[in-house]
Amino acid sequence: MGIQLLTRLIKDNSKIYEHFQFSKSRLVVDGSNLFCTLYYGSDLDLRYGGEYDAFEDRIGKFVKALKDCEIEPYVVLDGWSTYSGRIRKTQRKESRIKNAHDTAMGLDVGRSTMPVLVMLMFKQTLVKLNVPLVQCFEKADGQIASLANEWKCPVLSKDSDFYIFDLPAGLLPISYFQWTTVSHNRTESYISCKRYTASRFCTFFNIERQLLPIFAALAVNANNANNANNAKLTNMVWSINPPWDRSRIFSLKGLLRWLSDFQQPRDVLKKLQELFGNSETTNEALKDLQMDMEEYQLPPSYLQDFFTDKTVPPLPQEAHVPIKMSLAVAQGQMSSDILDILVLKRMSLSAAVDIADLPSANLTSRPIRQVMYGLLLRGSEDRVEEIDREGLQVHRTMVRPVHPDVAQQLVLDSWSWYEEPHSVRLQVYLEALGVSEATLSKVPPHLRLPVAVTCYWLQQATPTPE
């Protein structure tokens, strides 16, 4: 969920952290956080399509620093989306669309628009460097925490949720992880960093460890002004904030002081019910609060089995995906967008650096995606909801799948298409691009793909290239 201002609170009370010399250990890495930190922290291009060679070099230097200190990284990435949090996701997407437009107009919007293919480069580079990698089939936070708990090793992240999870070896905040300057002593090389543990936090603020999930849930709702369904809960939390701590920004210190009088979460829930009455509205608000608390309970871990023997993580029951394909998604070889298409019939498109008055750049590639939908949906006519932009607003369009002529040769109901001979798969690609093999016959083999893509772009781009 993310807890606003918690990172700043801990930074302002720096004694909660301990200075740490990290070496000779496993490390569970929040891949999404690392990906952003490495790119944004390098002052690499965000306006003209990205600097992929420089980013690959930076990833390599990061992995080398870990290996020099005998640190074994295990990178865990977020996976497919769900229906939850649709309002917040729409707001975030609209913000990215606005930032992409401002970038196209030459405005300085800071670190806001990530080049479209950078995540693909990140995964490919980690695989090339033999770094263990898994792409979860859901939000990864719980699995990261469970694996770190199972292995008794730290987590590397900047996500404030990890301040709440029960992590025996603690959290290493990325912002204090000094991997660019490996240190040495007589016996070993190490990375200087700071380590956070929940026990030190609780000792510092004099609250019980088991109260951290309810603290997090209350803090999230106190600042969640956009969630109209939880207005009662939001008002409830603000009401318990001591008057001397009330301000425009909710005081986490005030909430922690209030919680210090309790031993168990049930005691807090009982007190809230006493304060606000045994009404239906109050009971619904407390039920929502308990659901938020559950997000900080460690789920059963499946990642250890994946990393040790490539056991495929469990998929939702409604996802009818063959083992080979789900393994490819888990290994980062295929995009988790595939699961969105198969399960939700939905595809959320990246915000390209676009001028809002022009059509979305994603429209140019829609015919290719339609072929992909046709292959994934195996002949079904079910439409896929594409989430893109129109102007500066999020726009949703139902898009029909296209079934290429050559695909009729494939046994679609057995998912064999990605194991078909090269010649058959090549025909699918060429048909999607609208280019014949004869057209490319006199083009050197290493240039055929760029030429075919250029031909496609000249036919499909809007506005028409001059």
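In what follows, the structure referred to is the one given above.
Scoring rules and cut-offs
Residues numbered from 1 in each chain as written. Predicted model: local features only at pLDDT ≥ 70, side-chain atom pairs only at ≥ 80, totals over all residues. Heavy atoms only, no water. Phe/Tyr/Trp six-rings, centres within 6.5 Å; stacked < 30°, edge-to-face > 60°. Helix = DSSP H or I, 4+ residues; strand = E, 2+ residues; numbered from the N terminus. Buried < 20%, exposed > 50% of the residue type's maximum accessible area, 1.4 Å probe, protein only. Lys NZ or Arg CZ within 6 Å of the ring centre and 35° of its normal. Contact = heavy atoms within 4.5 Å. Pairing = 2+ DSSP bridges. 1 Å grid on protein atoms, 1.4 Å probe; cavity = no way out; pocket = protein on both sides within 12 Å on 5 of 7 lines; lining within 4 Å. Points joined across faces, edges and corners; volume = space filled by probe spheres on them. Axes fitted to C-alpha atoms, helices over the stretch in contact; angles between N-to-C directions. Parallel < 35°, antiparallel > 145°, perpendicular 65-115°, else oblique. Left-handed = near helix turned anticlockwise from the far one by under 90°. Nonpolar A, V, L, I, M, F, W, Y, C, P; charged D, E, K, R; others polar. Patch = residues over 30% accessible without salt bridge, like charges linked within 9 Å, V, L, I, M, F, W, Y side chains within 5 Å. Areas by Shrake-Rupley, 256 points an atom, 1.4 Å probe, with all protein chains shown as cover. Salt bridge = Lys/Arg side-chain N within 4 Å of Asp/Glu carboxyl O.

What to know about the packing of aromatic side chains
In this structure the tally under the stated criterion is 20 aromatic pairs. Residues Phe165 and Tyr296 carry aromatic rings whose centres are separated by 5.7 Å and whose planes lie at 55° to one another, so their mutual orientation is tilted. With Phe165 in the loop between strand S5 (155–157) and strand S6 (171–173) and Tyr296 in the loop between helix H12 (280–294) and helix H13 (303–309), the pair connects residues that are 131 residues apart, well separated along the chain. On the basis of relative accessibility, which here comes to 2%, the residue Phe165 falls in the buried class. With a centroid separation of 4.9 Å and an interplanar angle of 55°, the aromatic rings of Phe201 and Phe205 are classed as tilted. With Phe201 and Phe205 both in helix H7 (residues 198–205), this residue pair falls four residues apart, about one helical turn. Residue Phe201 shares its accessibility class with Phe205, and that shared class is buried. Every member of this aromatic cluster is reached through a ring pair, and the members are Tyr163, Tyr196, Phe201, Phe204, Phe205 and Phe215. In this arrangement the basic side chain of Lys194 is found over the ring face of Tyr176, its NZ or CZ atom lying 4.4 Å from the centre.

Some remarks on the side chain of Arg195
Within the element layout of this structure, Arg195 appears in strand S8 (residues 189–195). When sequence neighbours within four positions are dropped, the list of residues in contact with Arg195 reads Ile16, Tyr17, Glu18, Phe20, Ala169, Gly170, Leu171 and Leu172.

Details of the sheet that holds S8
Across the sheet, three strands lie side by side as S1-S8-S7; this open sheet has antiparallel pairing. For this open sheet the edge positions go to strand S1 (18–22) and strand S7 (183–184), each flanked by a neighbour on one side alone. Looking at chain direction, S7 and S8 are connected through two bridges and run antiparallel. Residue His184 lies in a different strand from S8, and its bridge partner there is Ser189.

Digging into empty space enclosed by the protein
Using the criterion set out here, one finds one cavity of 30 Å³ or more in the structure. Looking at the largest cavity, its volume works out to about 50 Å³. Lining the largest cavity, in full, are Lys93, Ile97, Leu349, Ser350, Ala351, Ala352, Asp354, Ser360, Asn362, Asp388 and Arg389. Counting only elements with at least two residues in the lining of the largest cavity, the list comes to helix H4 (86–104) and strand S10 (384–390).

A few points about unusual backbone geometry
That bond from Thr462 to Pro463 is cis: its omega, 0°, falls within 30 degrees of zero. Tracing the chain through its elements places Pro463 in the segment after helix H19 (448–460). The phi dihedral of Asn130 is positive, around 60°, even though this residue is not glycine. Secondary-structure assignment places Asn130 in the loop between helix H5 (118–128) and strand S4 (133–135). Positive phi is not limited to glycine here, since Lys345 has a value of about 50°. When you line up the elements, Lys345 lands in the loop between helix H15 (337–344) and strand S9 (346–348). The class of Lys345 is partly exposed, set by a relative accessible area of 25%.

Some thoughts on helix H16 (residues 366–376)
For an α-helix the count is 3.6 residues per turn, leaving residues at separations of three or four pointing the same way. With eight of its 11 residues buried, H16 lies for the most part within the structure. All buried positions along H16 are accounted for by Arg366, Arg369, Gln370, Val371, Tyr373, Gly374, Leu375 and Leu376. Two residues or fewer past H16, Arg378 is found with a positive phi of approximately 55°.

Considerations on the pairing of strand S11 (residues 393–399)
Side chains on a regular strand alternate between the two faces of the sheet. Of the strand pairs in this sheet, S10 and S11 are connected by seven bridges, and their pairing is antiparallel. In the sheet register, Asp388 faces S11, and the bridge partner there is His395. Between S10 and S11, which follow one another and run antiparallel, lie two residues, and Gly391 among them has a positive phi close to 65°.

A short note on the packing of H16 against helix H17 (residues 422–433)
Here H16 crosses H17 at 140°, and the two axes come no closer than 9 Å. As judged from the angle between their axes, H16 and H17 are oblique. The hand of the H16/H17 crossing is right-handed. Taken together, the residues of H17 that come into contact with H16 (itself represented by Ile368, Val371 and Leu375) are Val428, Ala432 and Leu433. Within the contact of H16 with H17, the residues separate by chemical class into six nonpolar, no polar and no charged.

Quick notes on H5
Three or more residues of H5 are buried, namely Val118, Met121, Phe122, Lys123, Thr125 and Leu126. Buried-residue contacts for H5 involve helix H2 (31–40), helix H3 (52–68), strand S3 (71–77) and S4. Positive backbone phi, approximately 60°, marks Asn130, located one or two places after H5.

Considering a nonpolar patch on the surface
On the surface, a cluster of nonpolar side chains totalling about 350 Å² of accessible area is made up of Met105, Leu107, Ile355 and Leu358. Secondary-structure assignment places Leu107 in the loop between H4 and H5.

Any functional reading would require information beyond the geometric quantities listed.
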